[in-house]
Amino acid sequence: MWVLWAFGSALCAGASSVLAKCGIRKTDSTLATALRTVVVLVMAWAVVLLAGAQKGIAAIPPAGWIFLVLSGLATGASWLCYFRALQLGDVNRVVPVDKLSTVLTILLAFAFLGEEPGAARLVCTAAIGAGSWLMAWQPGEGAPRPAAGHSWLFYALLSAFFAALTSILGKPGMAGIDSNLGTAIRTAVVLVMAWAVALATGRTAGLSAVSRKEGWFIALSGLATGGSWLCYFRALQLGPASAVAPIDKLSILVTVAFSRLALGERLSRRAAVGLALLVAGTLGMLAA
């Protein structure tokens, strides 16, 4: 059953990236992150209240609270970096770099959760890394997006690192509690963090300038993210982190398809080979 939840997370996450890109053409990425987190929070707590899961708050142990808060902070940092990278670079290049979080998750799961990767899984990890590199870099380019320099790459790499921490910290934090409740608590942490950063950097001044069209895209991105989270952490609760994370990263197939239809971004032959390697490595994780 956890496999179905993981695939549901991938579908929603893939749609979220393209919707977010459409919502931050003019809107500041930090402000957009704060706005969409409001949508995710409302959605997450609505599910909790409908399921009556809020009764489990009192049963969360102190250690569980610590890991949930840390996981939420890691998620907030990943979001802020990811959407900044999306604003600076092409979706089809930012997303593959972000998928390197799979490699980091597997390494961290081995180091801190005791999940043995095995030789076959290490080969698949290498394929994912190679596929990400082929998609992000093109021959003869000093940077994948010269106009933006290396900035988008820096933020995308940071996003991957914090996303990996989210999975590792989320695993012990979700142990023994309802996955929907855990997701809602983590979202509240992300909300506080996102708005604190937006206020501290003066990004809230642009709130009145957000167009209705971009506002709708930001909201839809939040709904897709909320759906992805609910599915992802349910899968994480039921299955191994080193297997759930790779399935979730298949969202790149949805992202590539949507970015072609909505943004007109095309894959080069090199990038298509990279995508094939990335997907093959991800699927190989399930068989390993």
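Let us look at the structure shown here.

Calculation notes
- Residues numbered from 1 in each chain as written.
- Predicted model: local features only at pLDDT ≥ 70, side-chain atom pairs only at ≥ 80, totals over all residues.
- Heavy atoms only, no water.
- Helix = DSSP H or I, 4+ residues; strand = E, 2+ residues; numbered from the N terminus.
- Rg over C-alpha atoms; globule rule 2.2 N^0.38 Å.
- Buried < 20%, exposed > 50% of the residue type's maximum accessible area, 1.4 Å probe, protein only.
- Disulfide = S-S within 2.5 Å.
- Patch = residues over 30% accessible without salt bridge, like charges linked within 9 Å, V, L, I, M, F, W, Y side chains within 5 Å.
- Areas by Shrake-Rupley, 256 points an atom, 1.4 Å probe, with all protein chains shown as cover.
- Salt bridge = Lys/Arg side-chain N within 4 Å of Asp/Glu carboxyl O.
- Core = buried A, V, L, I, M, F, W, Y, C linked by side-chain atoms within 4.5 Å.
- Contact = heavy atoms within 4.5 Å.
- 1 Å grid on protein atoms, 1.4 Å probe; cavity = no way out; pocket = protein on both sides within 12 Å on 5 of 7 lines; lining within 4 Å.
- Points joined across faces, edges and corners; volume = space filled by probe spheres on them.
- Nonpolar A, V, L, I, M, F, W, Y, C, P; charged D, E, K, R; others polar.
- Expected span 1.5 Å × (residues − 1).
- Polar contact = N/O pair within 3.5 Å; in protein donor to acceptor, adjacent residues only side chain to side chain.
- Phe/Tyr/Trp six-rings, centres within 6.5 Å; stacked < 30°, edge-to-face > 60°.
- Lys NZ or Arg CZ within 6 Å of the ring centre and 35° of its normal.

### What about the overall build of the protein chain?
- Looking only at helices and strands, one finds twelve helices and zero strands in the protein chain.
- Shown N-terminal to C-terminal, the secondary structure of the protein chain runs as helices and strands in the order α-α-α-α-α-α-α-α-α-α-α-α.
- By the compact-globule yardstick of 19 Å for 288 residues, the protein chain fits well, its C-alpha radius of gyration being 18 Å.
- Taking the principal axes of its C-alpha atoms as reference, the protein chain extends roughly 55 × 55 × 30 Å.
- Within the span of the protein chain, comprising 288 residues, buried residues form 52% of the whole.

### Here we look at the state of the cysteines
- Following the criterion strictly, the structure yields zero disulfides and no others.
- Cysteine 12 supplies the cysteine sulfur nearest to cysteine 22, a cysteine that is in no disulfide, at a spacing of 17 Å.
- Residue classification places cysteine 22 among the buried positions, given a relative accessible area of 9%.
- Here cysteine 231 stays unpaired: no disulfide links it, and the sulfur of cysteine 12, its closest cysteine neighbor, is 5.3 Å away.
- Classification of cysteine 231 as buried rests on a relative accessible area of 15%.

### Considering a nonpolar patch on the surface
- On the surface, a nonpolar cluster with roughly 530 Å² of combined accessible area is contributed by Ile57, Trp65, Ile66, Phe67, Val69, Leu70 and Leu73.
- Its location among the elements puts leucine 70 in helix α3 (residues 62-88).

### Things to note about the nonpolar core
- Ranked by size, the top nonpolar core spans 54 residues in total, and within it Leu86, Val94, Met135, Trp152 and Ile252 carry the most contacts.
- No other element matches α3, which puts seven residues into this core.
- In contact with valine 94, other than residues within four places in its own chain, are Tyr82, Ala85, Leu86, Gly89, Trp152 and Ala156.

### With respect to empty space enclosed by the protein
- What the rule picks out here adds up to one cavity of 30 Å³ or more.
- Considered as a void within the structure, the largest cavity measures approximately 470 Å³ in volume.
- Lining the largest cavity are 24 residues, and of these Ala13, Trp79, Trp229, Asp248 and Lys249 sit closest to its centre.
- Elements supplying a minimum of two residues to the lining of the largest cavity: α1 (2-23), α3, α7 (151-173) and α9 (212-238).
- Tallied by class, residues from the lining of the largest cavity come to eight nonpolar, eleven polar and five charged.

### As for helix α2 (residues 29-51)
- Taking 1.5 Å per residue as the helical rise, α2 with its 23 residues ought to reach 33 Å, and the 33 Å between its terminal C-alpha atoms agrees with that figure.
- Where α2 is buried, its residues meet α1, α3, α8 (179-200) and α9.
- By the N-cap criterion, in which a side-chain oxygen at the helix start approaches the backbone nitrogen of a residue two or three places on, α2 is capped by aspartate 28, the distance to threonine 30 being 3.0 Å.
- Once α2 finishes, glycine 52 follows within two positions and takes phi at roughly 70°, a positive value.

### Describing the packing of aromatic side chains
- Going through the model one piece at a time under the given rule, you end up with three aromatic pairs.
- Relative to phenylalanine 83, the ring of tyrosine 82 lies with its centre 5.2 Å away and its plane at 80°, an arrangement referred to as edge-to-face.
- Taking relative accessible area as the criterion, tyrosine 82 reaches 9% and is therefore assigned buried.
- Here the aromatic rings of phenylalanine 161 and phenylalanine 162 are separated by 5.3 Å at their centres, their planes lie at 65°, and the arrangement is edge-to-face.
- A relative accessible area of 38% means that phenylalanine 161 is categorised as partly exposed.
- Judged by its relative accessible area of 22%, phenylalanine 162 is partly exposed.
- Residue placement shows arginine 36 over the ring face of tryptophan 79; its charged tip is 4.7 Å from the ring centre.

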